[in-house]
Amino acid sequence: MGNFLNEAVVLLKYRPDPAALTPSYDRYPLENVMVREIFAADAEGTSGDGAVVYFLEKGSVCRDPHGRTVGFPRPAKGDLCILHAGTPEEVTMRVAEAGYFGGSPLAHVRMKLK
């Protein structure tokens, strides 16, 4: 399984502040996650692009903004993910859906991105 867990993603956790003019985020680097990118278009040419990020309890690592290992923060409305951070292929996507799958050796969090 370790060969599949070689991606790194940055979770941008939205920090609500009604007084702020621009949104602010806490950065949570995710290491050893599995990413499935989707590149598609339907007959009308509508983009179906997206991605799915899998964070496995027994293999993936989440770090807080100070670099300390922490538990995975619960995704919420307004959160973003950066795929391929720091590369020319860097892309930022919105978290559209999150699911928690526990109670097994493959316990994980799945985030669908749009």
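For the structure itself, consult the block above.
Residues numbered from 1 in each chain as written. Predicted model: local features only at pLDDT ≥ 70, side-chain atom pairs only at ≥ 80, totals over all residues. Heavy atoms only, no water.

A. Main features of the overall build of the protein. On a plain count of helices and strands, the protein comes out with zero helices and eight strands. Starting at the N terminus and ending at the C terminus, the protein contains elements arranged as β-β-β-β-β-β-β-β. The burial tally for the protein puts 32% of its 114 residues in the buried class. Pairs at least 24 residues apart make up 51% of the contacts formed inside the protein by residues separated by at least 6 positions. Looking at the protein as shown, the accessible area adds up to about 7200 Å², and 54% of this sits on carbon and sulfur atoms. (Helix = DSSP H or I, 4+ residues; strand = E, 2+ residues; numbered from the N terminus. Buried < 20%, exposed > 50% of the residue type's maximum accessible area, 1.4 Å probe, protein only. Contact = heavy atoms within 4.5 Å. Areas by Shrake-Rupley, 256 points an atom, 1.4 Å probe, with all protein chains shown as cover.)

B. Expanded view of the pairing of strand β6 (residues 80-83). A two-sided burial pattern is seen for β6, the buried positions comprising L80 and I82 on one face and C81 and L83 on the other. In the sheet, strand β1 (residues 7-15) pairs with β6 via four bridges, with the strands oriented antiparallel. In the strand pairing of β6, V10 is matched with I82. In this structure, β6 lies alongside strand β7 (residues 91-101), joined through four bridges in antiparallel fashion. Note on β7: the bridge partner recorded for C81 is M93. (Pairing = 2+ DSSP bridges.)

C. Spatial organisation of the side chain of S60. Secondary-structure assignment places S60 in the loop between β3 (50-56) and β4 (61-63). The buried category is assigned to S60, whose relative accessible area is 9%. A distance of 2.7 Å separates a polar atom in the side chain of S60 from the backbone oxygen of N32. In this structure the side chain of S60 is engaged in a polar contact, spanning 2.9 Å, whose partner is the backbone nitrogen of L56. The residues contacting S60, other than those within four sequence positions of it, are E31, N32, V33, Y54 and F55. (Polar contact = N/O pair within 3.5 Å; in protein donor to acceptor, adjacent residues only side chain to side chain.)

D. Examining the nonpolar core more closely. Counting 18 residues, the largest nonpolar core has V9, L11, L30, V53, L83, M111 and L113 as its most contacted members. Within the residue set of this core, elements represented by two or more residues are β1, β2 (24-38), β3, β6, β7 and β8 (108-113). It is β2 that provides the largest number of residues to this core, a total of four residues. (Core = buried A, V, L, I, M, F, W, Y, C linked by side-chain atoms within 4.5 Å.)

E. Focus on unusual backbone geometry. The backbone of N32 sits at a positive phi, close to 55°, despite the residue not being glycine. Checked against the element boundaries, N32 lands in strand β2. You will see that H84, though not glycine, has its phi angle at about 55°, which is positive. With respect to the helices and strands, H84 occurs in the loop between β6 and β7.

F. Focus on the pattern of salt bridges. A full pass over the atoms with the stated rule returns six salt bridges. R68 is the salt-bridge partner of D64, the closest N and O atoms lying 2.9 Å from each other. The class of D64 is buried, set by a relative accessible area of 9%. You can call R68 exposed: its relative accessible area is 51%. A salt bridge links K112 to E97; its shortest N-O distance comes to 3.8 Å. (Salt bridge = Lys/Arg side-chain N within 4 Å of Asp/Glu carboxyl O.)

Geometric values such as these leave the question of function open.
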